[in-house]
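Coordinate analysis (summary)
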Amino acid sequence: QAQLLGVLLAAASNFLISVSLNIQKCAHLRLVCQAEQKPYYTSKLWWCGIILLGLGEVGNFTAYGFAPITLVAPLGCVSVIGSAFISVFFLKKTMRTADILGGTLTITGIYLLVTFAPNVPQELTARQVQNYLVSWPFLVYSILEIIIFCILLYFYKRKAVKHILVLLMMVALLASMTVIAVKAVSSMIALSVKGKMQLTYSVFYFMSVLMGTSCAFQIKFLNQAMHLYEATAVVPINFAFFTTSAIISGVIFYQEFQSAAFLNVFMFLFGCLLSSLGVFITARNKKEEHLHIPFIDCGHIPGQKLTGKIQPDYHSSCYGTLNKEDDSVKRQN
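Attention in this report is confined to the structure presented alongside it. In this text the structure is predicted, and so the values were computed from the model without any measurement.

What counts as what
- Residues numbered from 1 in each chain as written.
- Predicted model: local features only at pLDDT ≥ 70, side-chain atom pairs only at ≥ 80, totals over all residues.
- Heavy atoms only, no water.
- Helix = DSSP H or I, 4+ residues; strand = E, 2+ residues; numbered from the N terminus.
- Buried < 20%, exposed > 50% of the residue type's maximum accessible area, 1.4 Å probe, protein only.
- Contact = heavy atoms within 4.5 Å.
- Areas by Shrake-Rupley, 256 points an atom, 1.4 Å probe, with all protein chains shown as cover.
- Salt bridge = Lys/Arg side-chain N within 4 Å of Asp/Glu carboxyl O.
- Core = buried A, V, L, I, M, F, W, Y, C linked by side-chain atoms within 4.5 Å.

**Quick word on the overall build of the protein**
- Summing up its helical and strand segments, the protein has twelve helices and two strands in all.
- Starting at the N terminus and walking to the C terminus, you meet the elements of the protein as α-α-α-α-α-α-α-α-α-α-α-β-β-α.
- Here the protein holds 333 residues, and 44% of them are scored as buried.
- Contacts in the protein between residues far apart in sequence, at least 24 positions, make up 79% of those at least 6 positions apart.
- Surface accessibility of the protein: about 18000 Å² in total, with carbon and sulfur atoms responsible for 67%.

Right under this line is the structure:
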């Protein structure tokens, strides 16, 4: 029952995240169409999206306390697929055949994930976390991960190599530590709420620091990738790398597939493959909309002619209009 609760929490949280992202995009588009300059953070719709995003992230954090990492992490595909379908209602986009096919594959993959997920005890105490931290498989894994990350960081810093695979591999390596720490912290908090106090152990604070630090650097490199490359390329690659790293970390650190049958492992991995394929198909060839495209026509704006266009200033949080001098020069040409 606890694992089922974790699955439902993860699915619902990722759905909330997809709704919040579409609401925020809708808020930005509405601000673009206003004659009066306003920062995006003055929009009630934008704040509504931010609140939903916060609730979704809290729900995801809580889900790790009830379900294994290898099950919660792949359910992130719900936010990607959900966003494609929700955008039809919020942003008036057209439903594509690729969206339907990708959604079908993802739902099939989720069904296999839930059906063949490892059934492991979820009451994780501070002493168990301490034992896992000093186990030789995790120590070897940590050393290898640190070496690979340092090599990638060398090419990123010294050689200025900012290829999408380099950036997202660093994100994935950091994400593996993030999910390990998130599950430990979430589980210890859940046990403490039930009356079995775990917050007095130093390992809780160590894991909290690890969670915050790895998450911060993960966001830094992910933002760099989103700045340099299209989201249609970043989203599927990041999902595949993140899911793979999360599953590996769950298997090595928490030994989640220790007593699983071969068929269960195979079908679970096949479900992950289907989910990743569904995300790739949904994101593939999807047109990007940028708010900083000049000369966006939003129809009639009070106080201006129908030929008036507005242009968001992407160097600030406000949206500005073309001045009359520029507009008159444009008409003369």
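The structure having been displayed, the exposition proceeds.
**Description of unusual backbone geometry**
- Phi is positive for alanine 160, close to 55°, though the residue is something other than glycine.
- Among the secondary structure elements, alanine 160 is positioned in the loop between α7 (136-157) and α8 (164-193).
- Positive phi is not limited to glycine here, since glutamine 255 has a value of about 50°.
- Relative to the elements of secondary structure, glutamine 255 occurs in the loop between α10 (231-253) and α11 (262-283).
- Judged by its relative accessible area of 29%, glutamine 255 is partly exposed.

**Points about the pattern of salt bridges**
- Within the structure shown, the criterion is met by one salt bridge.
- The salt bridge involving arginine 96 is made with aspartate 99; its shortest N-O contact spans 2.9 Å.

**A few points about the nonpolar core**
- Of all hydrophobic cores here, the largest spans 50 residues; its most connected members are Val129, Met207, Phe253, Tyr254 and Phe268.
- Top contributing element to this core by residue count: α8, with eight residues.
- What phenylalanine 268 contacts, discounting residues up to four positions off in sequence, is Thr70, Leu71, Leu113, Phe116, Ala117, Pro118, Ile247 and Phe257.
- If you look at the next biggest cluster of nonpolar residues, it comprises 14 residues, including Phe149, Leu152, Val166 and Leu167.

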